[in-house]
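Report on the structure
Spelled out from the first residue to the last, the chains are:
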Amino acid sequence: MAKPVKIRPAAMLGAVLDFLGGQKIATYTNEDEGYEYLKNGYFCVSVLNPKGSDDLYIDLEDGFTLTYGDWNAHYEATDRDFEYMRKDVEDFLANRMYLAVVYSGKEWICSLTIHENDVSKARLFRQTKDFLHSADCDPFIQLLNHKGGVIDCNFWDIKRSREIRVNPGEIR
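A brief report on the enclosed structure follows. Keep in mind the model is a prediction, meaning the values are calculated, not measured.

**A closer look at the overall build of the chain**
- Looking only at helices and strands, the chain features four helices and nine strands.
- Shown N-terminal to C-terminal, the secondary structure of the chain runs as helices and strands in the order α-β-β-β-β-β-α-β-β-α-α-β-β.
- Projected onto the principal axes, the alpha-carbon positions of the chain cover approximately 50 × 40 × 30 Å.
- The buried share among the 172 residues of the chain stands at 42%.
- Of all intrachain contacts in the chain linking residues separated by at least 6 positions in sequence, the fraction that spans at least 24 positions is 48%.
- For the chain, the exposed area adds up to about 9500 Å²; of that, 48% sits on carbon and sulfur atoms.

In structure tokens form, the structure reads like this:
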């Protein structure tokens, strides 16, 4: 595998706009209200959800940041990570990936992405447990097993979104 090549994310604005062709988008700089956090020469591209749900945001700064709902991911300023980010965006927009937001009561536990085009309760529970365990968050697994919770599964196409109840003892 070739060594990743460093790139300047802000210089990739045209490439981002190209792979988002056909989507309704808005581009922001630090001169736009709410985007003052951007340094001069940096951009935020917002992909507007046509169904009125959460929009998807791509920040082009020192690296790339992809934000969707209560989740975000950071990608390094390399050609390889740009491709990872592009694939993740395309997977969200094509409903091949969804956002899982885990709560116990009103307490937010975590947000993770699931690379599936359908919600399978067994796989969702396994991936949530694996995610929490790998993040050294076993107390949250115990909390879900003790009190139960809810996992909001959010697809770009909100008609496909679902809420999955976690009954006490279900995630072991």
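**Quick word on helix H4 (residues 138-147)**
- Turning to H4, its buried residues number three or more, namely Ile-141, Leu-144 and Asn-145. Buried positions in H4, seen along its axis, are confined to an arc of 95° and lie on one side of it. Facing away from the buried surface of H4 by more than 90 degrees, the exposed residues are Pro-139, Gln-142, His-146 and Lys-147.
- For H4, the secondary structure elements touched by its buried residues are strand S6 (98-104), helix H3 (121-134), strand S8 (149-154) and strand S9 (162-166).
- Of the residues flanking the end of H4, it is Gly-148, one or two places downstream, whose phi is positive at about 80°.

**With respect to the sheet that holds strand S2 (residues 43-47)**
- Pairing within the open sheet is antiparallel, and its five strands lie in the order S1-S2-S3-S4-S5. Edge positions in the sheet fall to strand S1 (25-28) and strand S5 (71-75), since each of these pairs with one other strand and no more. Each strand axis lies, on average, 15° off the axis of its neighbour in the sheet, ignoring direction.
- Pairing geometry for S2 and strand S3 (residues 56-60), over five bridges, is antiparallel. Across the sheet, Cys-44 pairs through a bridge with Asp-59, a residue of S3.

**Considering the nonpolar core**
- Formed by 25 residues in total, the largest nonpolar core has its most connected members in Leu-20, Leu-56, Ile-58, Leu-66, Met-85 and Val-89.
- Secondary-structure elements contributing two or more residues to this core are helix H1 (13-19), S2, S3, strand S4 (64-68), S5, helix H2 (79-93) and S6.
- For this core, the element with the highest residue contribution is H2, accounting for five residues.
- In terms of nonpolar packing, the next biggest core, distinct from the first, is built from 19 residues, Val-119, Leu-124, Leu-144 and Ile-171 among them.

**Structural notes on the environment of Glu-90**
- Here Glu-90 is to be found in helix H2.
- What makes Glu-90 partly exposed here is its relative accessible area of 28%.
- Along the sequence, Glu-90 and Phe-19 sit 71 residues apart, while their C-alpha atoms lie 8.3 Å from each other.

**Comments concerning the sheet that holds strand S7 (residues 107-114)**
- Strand order in the open sheet formed by four strands is S7-S6-S8-S9, and the pairing between neighbours is antiparallel. Lying at the two open borders of the sheet, with one neighbouring strand each, are S7 and S9. Across the sheet, the mean angle separating the axes of adjacent strands is 20° when strand polarity is ignored.
- As paired elements, S6 and S7 share seven bridges and run antiparallel to each other. From the neighbouring strand, Tyr-103 faces S7, where its bridge partner is Trp-108.
- Against the sheet, H4 engages S6, S7, S8 and S9, with an angle of about 70° to S6.

**Things to note about the packing of aromatic side chains**
- Taken as a whole, this structure holds eight aromatic pairs when the rule is applied.
- With a centroid separation of 5.4 Å and an interplanar angle of 55°, the aromatic rings of Phe-64 and Phe-82 are classed as tilted. With Phe-64 in strand S4 and Phe-82 in helix H2, the pair connects residues that are 18 residues apart, well separated along the chain.
- Using a relative accessible area of 1% as the deciding quantity, one classes Phe-64 as buried.
- When its relative accessible area of 5% is taken as the criterion, Phe-82 is described as buried.
- Between Trp-71 and Phe-92, the aromatic rings sit 5.5 Å apart at their centres with planes inclined by 65°, giving edge-to-face as the arrangement. Of this pair, Trp-71 sits in strand S5 while Phe-92 sits in helix H2, and the two are 21 residues apart along the sequence.
- One aromatic cluster is present, formed by Tyr-68, Trp-71, Phe-92 and Trp-156 through successive ring pairs.
- Between Arg-160 and the ring centre of Phe-155, over which it is positioned, the NZ or CZ distance is 4.8 Å.

Basis of the calculations
- Residues numbered from 1 in each chain as written.
- Predicted model: local features only at pLDDT ≥ 70, side-chain atom pairs only at ≥ 80, totals over all residues.
- Heavy atoms only, no water.
- Helix = DSSP H or I, 4+ residues; strand = E, 2+ residues; numbered from the N terminus.
- Buried < 20%, exposed > 50% of the residue type's maximum accessible area, 1.4 Å probe, protein only.
- Contact = heavy atoms within 4.5 Å.
- Areas by Shrake-Rupley, 256 points an atom, 1.4 Å probe, with all protein chains shown as cover.
- Arc of directions from axis to C-beta.
- Pairing = 2+ DSSP bridges.
- Axes fitted to C-alpha atoms, helices over the stretch in contact; angles between N-to-C directions.
- Core = buried A, V, L, I, M, F, W, Y, C linked by side-chain atoms within 4.5 Å.
- Phe/Tyr/Trp six-rings, centres within 6.5 Å; stacked < 30°, edge-to-face > 60°.
- Lys NZ or Arg CZ within 6 Å of the ring centre and 35° of its normal.

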